[in-house]
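Here is how the chains run, residue by residue.
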Amino acid sequence: MWRARRAAEACEVCQSLVNAHYTVQGPLPLLRLHLPSRSLHHLRPLPARPRRPQLPGSRQPFSSLGPLPLRRWKLSPAKPGYQPRRHFWPARLAARLLRLRYLLLGSAVGGGYTAKKTFDQWKDMVPDLSDYKWIVPDFVWQLDEYIDLEKLSKALPDSESLAKLLPDLDKLSGSFSLLKDFFSTGTSGETAFRATDASESDRQFKKVSDKEKVEQLQEELLRTQLKYQRILERLEKENKELRKLVLQKDDKGIHHRHLKKSLIDMYSEVLDVLSDYDASYNTQDHLPRVVVVGDQSAGKTSVLEMIAQARIFPRGSGEMMTRSPVKVTLSEGPHHVALFKDSSREFDLTKEEDLAALRREIELRMRKNVKEGCTVSPETISLNVKGPGLQRMVLVDLPGVINTVTSGMAPDTKETIFSISKAYMQNPNAIILCIQDGSVDAERSIVTDLVSQMDPHGRRTIFVLTKVDLAEKNVASPSRIQQIIEGKLFPMKALGYFAVVTGKGNSSESIEAIRDYEEEFFQNSKLLKTSMLKAHQVTTRNLSLAVSDCFWKMVRESVEQQADSFKATRFNLETEWKNNFPRLRELDRNELFEKAKNEILDEVISLSQVTPKHWEEILQQMLWERVSTHVIENIYLPAAQTMNSGTFNTTVDIKLKQWTDKQLPAKAVEVAWETLQEEFSRFMTEPKGKEHDDIFDKLKQEVKEESVKRHKWNDFAEDSLRVIQHNALEDRSITDKQQWDAAIYFMEEALRGRLRDTEAVLENMVGPDWKKRWMNWMGRTQEQSVHNETKNELEKMLKCNEEHPAYLASDEITTVRKNLESRGVEVDPCLIKDTWHQVYRRHFLKTALSHCNLCRRGFYYYQRHFVDSELECNDVVLFWRIQRMLSITANTLRQQLTNTEVRRLEKNVKEVLEDFAEDSEKKMKLLTGKRVQLAEDLKKVREIQEKLDAFIEALHQEK
């Protein structure tokens with residue numbers, strides 16, 4: 001009996017254990033009772049005990065055992081020889097089938113509790129990164145899109161529920177001891193059940209020290225970040241390829257729609273217009289841009305190339321390569337290309353030859369911007385870089401800050417670099433990307449002091465430590481790097497700190513190789529493993545994301561304020577224009593140039609409308625003014641002074657032939673060219689009445705001078721002109737009296753002009769006559785008195801012999817000198833000769849004029865060829881030949897002018913105007929004044945405001 005009762009109690013204990021353990025951790029293994037077979041026959045069912053009432057909130061036993069009532073069995077003594085039957089095989093089968101269910105349900109509850117506990121421990125150890133959300137990459141904050149942590153947390157039971165679900169451990173230990181005593185007396189010595197101990201893993205975890213916990217969690221966090229970063233890179237690569245395909249399809253016109261400008265391209269255009277409008281970069285321009293500053297050779301260019309994903313800048317070892325600011329606009333596009341603002345050529349950044357050409361072009365533009373005697377220039381080079389996956393932003397690479405001016409540099413190079421850097425950094429909305437070389441001593445840095453002056457609170461500064469791989473090898477104390485990244489070593493403050501590696505120092509490395517090396521270095525670096533650096537503070541990829549986010553944040557905060565300021569500026573300028581120029585249109589410099597260009601071309605066309613008569617009159621007059629001296633002094637006077645008709649004609653023919661072969665054609669072309677210039681200048685400069693605008697005078701003068709410099713007369717004109725002039729001078733036949741009289745009139749005018757010139761020379765030589773002396777209270781000098789006495793003596797000689805030859809003999813000079821000495825006048829023989837030349841010249845010209853009057857009636861003798869007549873008029877024939885040559889030459893030159901040279905001059909003027917139209921400096925120099933500058937400012941401000949409004953609208957649409 002006592003065995004049967006003991007077995008019944010054991011069954012009841014087992015049932016309670018099963019219910020308790022299932023509620024907490026899951027099902028227990030099926031309890032197997034090893035009882036003697038003979039005792040089973042004596043088991044009798046006992047009266048059922050009343051069921052305990054369930055407490056509210058407590059869990060019911062699992063459903064498979066719920067409907068089975070627990071019965072107490074009554075044991076009776078077995079009869080001898082009785083063999084009991086096995087009536088419990090269905091129960092055994094059900095118990096075996098239900099064991100798997102117990103294990104699954106218990107493991108789920110226990111595993112959930114353990115996972116929640118581990119998650120809470122990790123969450124407590126991770127620092128709060130909410131303040132650095134703009135620095136940490138976006139995928140870290142986007143994990144909740146893939147894992148719903150809130151739902152998982154709600155699904156896990158809280159501590160109060162777990163406390164209610166846990167059984168009374170004291171009662172449970174008592175039951176285990178009772179069951180152990182029972183089974184220890186049985187025939188089987190194996191353990192009654194196997195249970196999973198949920199607290200065993202917790203006890204093992206508590207044995208690990210806190211330091212090992214931190215290391216394990218840091219390694220786990222780093223592995224997780226690297227894992228997600230690889231996933232992100234793969235997704236970005238796939239996204240890049242997809243976007244590239246879409247943009248290529250758009251380029252091919254598959255969608256037949258016009259692509260709008262990207263947001264960053266619109267913003268870059270605003271900055272370009274601002275740079276043209278405000279070359280001095282004053283405080284009116286407060287639009288954000290990323291200003292890259294650093295010491296020389298600190299790695300500024302390398303960081304910028306890593307962000308642009310291409311080796312686009314000239315490189316040199318230790319020498320200054322960045323000689324002027326370079327504005328780089330990064331935007332997304334289907335192809336990785338670069339192009340300048342003022343050029344349509346695209347450089348394919350995936351080809352090495354295009355990269356080399358781009359670097360050469362940048363270097364040439366820098367050297368072109370640098371003026372003579374300078375080392376650096378403040379003029380900005382604007383470059384656009386497009387490619388798949390590029391972060392959208394605008395960066396400005398400045399010349400490296402130097403501490404000492406070396407040989408070959410301008411003396412003011414250091415101050416110029418400081419002024420350029422300060423001009424860009426003093427913009428309150430500019431983001432300062434401060435580059436510090438990590439491989440050199442921090443105390444040698446100059447740029448940190450400069451940045452701290454411009455941004456003392458560090459609200460817009462991002463600090464970048466380059467060459468960290470060299471710093472880790474060379475720095476004796478790695479904690480020094482940690483102090484730099486934490487902002488404790490330098491006095492400057494920053495918004496964020498980053499550590500990057502931009503290669504191994506080999507300029508031929510590709511961007512992909514540098515990126516792989518950078519990731520490999522930081523993955524194995526002790527700086528990360530020892531928590532000196534945080535994972536979000538390393539790699540240029542994280543730096544690029546952080547700078548882009550900060551840039552767009554600054555743009556959104558400041559762009560509308562800048563638009564309002566330009567609206568106010570536009571209103572002020574429009575009011576000033578209305579007050580000063582109420583009746584004039586607002587024409588900027590380019591529009592004024594186009595207006596002046598049309599006026600100049602109209603004036604050039606007016607040259608072709610000049611009448612042939614006017615051209616020939618001007619040409620004949622100017623040509624005679626140039627050749628008259630040569631004709632009279634070198635041809636007519638030497639021939640006329642021979643006093644022989646045959647000798648006169650022979651001398652004239654010889655001298656005319658020599659003159660025609662050498663000097664006359666060139667002189668005629670020169671006269672024609674000067675005549676064309678004078679007429680062109682007259683049309684350009686004469687006022688046009690009320691329509692004349694003096695603002696164009698300087699431009700027209702410059703166009704005229706430049707066109708004249710470029711114009712060259714046709715080389716074949718002299719050869720054809722020489723033949724024509726030679727034939728004209730060979731003709732001696734005067735056909736009518738009108739031509740004869742015209743020749744006499746031409747001769748008289750020429751001789752009278754020479755006579756007036758000779759008398760003026762004599763008056764200057766001998767001084768004023770007695771009338772002027774008495775009337776004007778003038779006197780003669782001693783030299784003039786000597787000349788006057790000599791002149792009087794020579795005039796007496798001419799009166800005695802009016803046909804005296806042109807030259808004085810030696811005895812005549814001696815006679816004159818002695819006569820003068822007898823009157824107390826000392827005279828030099830050379831003075832006598834000079835005075836004689838002018839006296840005889842006047843005498844001869846007067847004689848020739850009187851001869852002209854006699855020849856007026858000599859046409860009859862000339863026509864009858866009376867050579868032996870006393871009235872010889874060979875000089876009239878000479879002047880007729882000259883006059884006819886002048887007329888024919890003028891006609892020939894007029895034809896060349898109207899048919900060829902005027903058109904060539906018009907072509908030259910058009911070329912000059914086209915060159916001036918492309919030269920902005922020339923237009924600024926020639927079109928000046930308050931009216932021009934005010935119109936220029938109005939145009940630029942309106943253009944800036946329109947582009948800013950379009951950009952703001954697109955920015956709001958993107959939000």
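Predicted, not measured: the structure shown is a model, and the values here were computed from it.

A. Inspection of the nonpolar core at higher detail. Counting residues in hydrophobic clusters, the biggest one holds 101 residues, and the most contacted among them are W624, Y636, W659, W740, I882 and V909. Per-element tally for this core: the top contributor is helix α32 (residues 874-918), with 17 residues. Residues within four places of W624 in sequence aside, it is in contact with V631, F746, A750, F879, I882 and L886. Formed by 61 residues, the second largest nonpolar core is a distinct cluster that contains V303, I307, I462 and A546.

B. Here's a closer look at the packing of helix α21 (residues 612-640) against helix α23 (residues 664-685). At a minimum axis separation of 9 Å, α21 and α23 run at an interaxial angle of 125°. Between α21 and α23, the angle falls in the class oblique. Judged by the twist between their axes, the crossing of α21 over α23 is right-handed. Across from H614, W615, I618, L619, M622, L623, R626 and V627 in α21, the residues of α23 making contact are L664, K667, A668, E670, V671, A672, E674, T675, L676, E678, E679 and R682.

C. Here's a closer look at unusual backbone geometry. Although it is not a glycine, S297 adopts a positive phi angle of roughly 65°. By secondary structure assignment, the location of S297 is in the loop between β3 (290-294) and α11 (300-308). If you check the backbone angles, T539 has positive phi at about 75° while not being a glycine. By secondary structure assignment, the location of T539 is in the loop between α18 (526-529) and α19 (540-580).

D. Quick peek at a negative patch on the surface. There is a patch of like negative charges on the surface, built from E379, E911, E914, E918, D919 and E921. If one sorts the elements of the negative patch by residue count, α32 sits on top with three residues. Tracing the backbone through its elements, the reader meets E914 in helix α32. Classification of E914 by relative accessible area gives partly exposed; the value is 47%.

E. Looking closely at the pairing of strand β7 (residues 381-386). Of all six residues making up β7, five are buried, and the element is well covered by its neighbours. Direction of pairing for strand β4 (residues 326-331) relative to β7: parallel, over a ladder of six bridges. The residue bridging L330 from the neighbouring strand is V385, located in β7.

F. Structural context of the sheet that holds β4. With mixed pairing, the nine strands of this open sheet are ordered in space as β6-β5-β7-β4-β8-β3-β9-β10-β11. Each edge of the open sheet carries a strand with a single partner, namely β6 (347-348) and β11 (496-499). For β3 and strand β8 (residues 393-397), the ladder comprises three bridges, and the chain directions are parallel. Along β8, the bridge assignment pairs V290 with L395. Strands in contact with α11 are β3, β4, β7, β8, β9 (431-437) and β10 (461-466); relative to β8, the strand with the most contacts, it is inclined by about 160°. The sheet strands contacting helix α12 (residues 352-369) are β4, β5 (337-340), β6 and β7, and the helix crosses β7 at an angle near 160°.

G. Broad picture of the packing of aromatic side chains. Evaluated as defined, the whole model comprises 14 aromatic pairs. Taking 6.1 Å as the distance between ring centres and 90° as the angle between the ring planes, the aromatic pair formed by F340 and F347 counts as edge-to-face. Ring centres of Y636 and F879 lie 5.3 Å apart, and the angle between their planes is 65°; on these two criteria the pair is classed as edge-to-face. In this pair, Y636 sits in helix α21 while F879 sits in helix α32, placing the two residues 243 residues apart along the sequence. Side by side, Y636 and F879 carry an identical accessibility label, which is buried. One aromatic cluster in this structure is built from W624, Y636, F746, W836, Y840, F844 and F879. A cation over a ring is seen here: R365 above F340, with NZ or CZ 4.0 Å from the ring centre. Residue placement shows K923 over the ring face of F593; its charged tip is 5.7 Å from the ring centre.

Cut-offs and rules
Residues numbered from 1 in each chain as written. Predicted model: local features only at pLDDT ≥ 70, side-chain atom pairs only at ≥ 80, totals over all residues. Heavy atoms only, no water. Core = buried A, V, L, I, M, F, W, Y, C linked by side-chain atoms within 4.5 Å. Buried < 20%, exposed > 50% of the residue type's maximum accessible area, 1.4 Å probe, protein only. Helix = DSSP H or I, 4+ residues; strand = E, 2+ residues; numbered from the N terminus. Contact = heavy atoms within 4.5 Å. Axes fitted to C-alpha atoms, helices over the stretch in contact; angles between N-to-C directions. Parallel < 35°, antiparallel > 145°, perpendicular 65-115°, else oblique. Left-handed = near helix turned anticlockwise from the far one by under 90°. Patch = residues over 30% accessible without salt bridge, like charges linked within 9 Å, V, L, I, M, F, W, Y side chains within 5 Å. Areas by Shrake-Rupley, 256 points an atom, 1.4 Å probe, with all protein chains shown as cover. Salt bridge = Lys/Arg side-chain N within 4 Å of Asp/Glu carboxyl O. Lys, Arg positive; Asp, Glu negative; His and termini not counted. Charge placed at Lys NZ, Arg CZ, Asp CG, Glu CD. Pairing = 2+ DSSP bridges. Phe/Tyr/Trp six-rings, centres within 6.5 Å; stacked < 30°, edge-to-face > 60°. Lys NZ or Arg CZ within 6 Å of the ring centre and 35° of its normal.

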